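What follows is the residue order along each chain.
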Amino acid sequence: MKEDELKTLAQKYYAKSASREEKQSVDLFFEKLQQEHKDLEIDLSDARKQRIRAKIQKNIAKKVQKPSFFSQKSVAIAAIFIGLIGIGLVTSLLLSENNITQTTARGEKREIVLADGSHVFLNSNSSITYTEDFTAKRDITLKGEAFFKVFHDEEKPFTVTTGKIKTRVLGTSFNINSFEKDDVLVSVNTGKVAVTSIEKDTTVFLLKNEQVVFKDNIKPFFSKDDSEEQIAWTKNIIVLHQTTLAKTAKILENWYDVQIDFENEKIKEQTISGKFKEEELKNVLESLALIKHLKIEYLTPKHILIRENPSNE
């Protein structure tokens, strides 16, 4: 049933001008809604009941007589239903699939177990969104970075959409890094993965220890390397391979929830390699400063400036 049809039926129902068939349609809708929300706990005080009735009246512009089938729970659901129709959101709440979003803040990492048995390791400052009934449709939208250990199911492919890139598997483990805008890196640890550029209609197949990078309008870059290093972050290890200081700063900002600025653009372009396991930020920055002959200045405990280090300091 479309939103316009629901709105019309609701108005006719409460104006007592609906036909028998139309009334049955509304009754069935609310019965289904109540069944779907049977575990919903609603505390209705007299004041809240009055506010609910007022909201219904406001949205349908008619005085509403409380129908006989209204229980406390259905009063609340009906009010929400009518109110949402009034603001055009009923489709997203009642008629479409409910979505769940899992998010991590800077400095936070989480492991999420999905309904199908798959595991997601979500890196800092990242999020995944998926349908509430995940076992029926195994589709995920990712922002940031995550490592997936997918439960094998040949009949229900597992897909991860990151911007314009879609990764499709049946059962495997892989990492996706999309922290950089229009730059997606997919790395496979086990199994086989199909990575597709939706925009270019280009598909790359990856096996264990294979990676592909999709960046802007550049042709996908394929490589072979130890994929364990791509998921070192799940073990609290930062791995840098000729990584620019600009990109290194972004990694540290997400890991330690800080802001890092540079004195000039020249410093950002320098590169560094190394591994840091469960190190304090201060130690990482001191190592960086020593190797690259830089100076670390703490403007505040959370705001850091990286400067060139004059030879006389």
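Provided above is the structure to which this section pertains.
Residues numbered from 1 in each chain as written. Predicted model: local features only at pLDDT ≥ 70, side-chain atom pairs only at ≥ 80, totals over all residues. Heavy atoms only, no water.

Colleague: Let's hear about the packing of helix α6 (residues 245-256) against helix α8 (residues 281-292): which residues, and what values?
Modeller: At a minimum axis separation of 11 Å, α6 and α8 run at an interaxial angle of 170°. In this view, α6 runs roughly antiparallel relative to α8, as classed from their interaxial angle. Each of Leu-245, Thr-248, Leu-252 and Tyr-256 in α6 lies in contact with α8, whose residues at this interface are Leu-281, Val-284, Leu-285 and Leu-288. Residues that form the contact of α6 with α8 fall into these classes: seven nonpolar, one polar and no charged. (Axes fitted to C-alpha atoms, helices over the stretch in contact; angles between N-to-C directions. Helix = DSSP H or I, 4+ residues; strand = E, 2+ residues; numbered from the N terminus. Parallel < 35°, antiparallel > 145°, perpendicular 65-115°, else oblique. Contact = heavy atoms within 4.5 Å. Nonpolar A, V, L, I, M, F, W, Y, C, P; charged D, E, K, R; others polar.)

Colleague: Got a sec to walk through the nonpolar core? Specific residues and values, please.
Modeller: Formed by 27 residues in total, the largest nonpolar core has its most connected members in Ile-140, Phe-148, Phe-158 and Phe-174. A total of three residues in this core trace back to one element, the largest contributor, which is strand β10 (residues 183-190). Once you skip the residues sitting within four places of it in the chain, Phe-148 turns out to touch His-119, Val-120, Ile-140, Leu-142, Phe-158, Val-160, Thr-172, Ser-173, Phe-174 and Ile-176. By size, the runner-up hydrophobic cluster in this structure holds 26 residues, among which are Ile-231, Ile-238, Ile-267 and Leu-294. (Core = buried A, V, L, I, M, F, W, Y, C linked by side-chain atoms within 4.5 Å. Buried < 20%, exposed > 50% of the residue type's maximum accessible area, 1.4 Å probe, protein only.)

Colleague: Outline the environment of Lys-224, supporting the account with residue identities and numerical values.
Modeller: With respect to the helices, strands and loops of the structure, Lys-224 is situated in strand β14 (residues 218-224). For Lys-224, a relative accessible area of 63% puts it in the exposed group. Separated by 18 residues in the primary sequence, Lys-224 and Leu-206 have C-alpha atoms spaced 9.6 Å apart. Once you skip the residues sitting within four places of it in the chain, Lys-224 turns out to touch Asn-209, Glu-210 and Gln-211.

Colleague: Before we move on, can you summarise α8 with the specific residues and values?
Modeller: Its twelve residues give α8 an end-to-end C-alpha distance of 16 Å, which sits within 8% of 16 Å, the value for a rise of 1.5 Å per residue. Along α8, the residues that are buried comprise Leu-281, Val-284, Leu-285, Leu-288 and Ala-289. Projection of α8 onto a plane perpendicular to its axis shows the buried side chains occupying an angular sector of 130°, all on one side. On its buried side, α8 packs onto α6, β17 (271-277), β18 (294-300) and β19 (303-308). (Expected span 1.5 Å × (residues − 1). Arc of directions from axis to C-beta.)

Colleague: A description of the pattern of salt bridges should follow, citing residues and the corresponding values.
Modeller: Inspection of every chain in the model, using the stated rule, returns eleven salt bridges. Salt-bridge contacts for Glu-253 lead to Arg-106; the nearest nitrogen and oxygen are separated by 4.0 Å. Of this pair, Glu-253 sits in helix α6 while Arg-106 sits in the loop between β1 (99-103) and β2 (110-113), and the two are 147 residues apart along the sequence. Glu-253 sits in the buried class, given a relative accessible area of 7%. Arg-307 serves as the salt-bridge partner of Glu-263, at 3.8 Å between the closest nitrogen and oxygen. In this pair, Glu-263 is assigned in the loop between β16 (259-262) and α7 (265-268) and Arg-307 in strand β19, connecting sequence segments 44 residues apart. Through salt bridges with shared partners, one network takes in Arg-106, Lys-250 and Glu-253. (Salt bridge = Lys/Arg side-chain N within 4 Å of Asp/Glu carboxyl O.)

Colleague: I'd love a proper account of the sheet that holds strand β6 (residues 145-149), names of residues and values included.
Modeller: Here seven strands make up an open sheet; going across it, the order is β2-β3-β6-β9-β10-β13-β14 and the pairing antiparallel. Across the chains shown, the open sheet's two edge strands, defined by having one partner strand only, are β2 and β14. Looking at each pair of strands side by side, their axes are set apart by 15° on average, direction ignored. (Pairing = 2+ DSSP bridges.)

Colleague: Please provide a residue-by-residue account of the pairing of strand β3 (residues 119-122), values included.
Modeller: Regular strands show a simple pattern: their side chains alternate between the two faces of the sheet. When β2 meets β3, the two strands line up antiparallel, connected through four bridges. Within β3, the position partnered with Ile-112 by the bridge is Val-120. Counting the residues between successive antiparallel strands, the hairpin from β2 to β3 contains five residues, one of them, Gly-117, with a positive phi of roughly 100°. Pairing of β3 with β6, which is carried by four bridges, proceeds in the antiparallel orientation. Residue Val-120 lies in a different strand from β6, and its bridge partner there is Phe-148.

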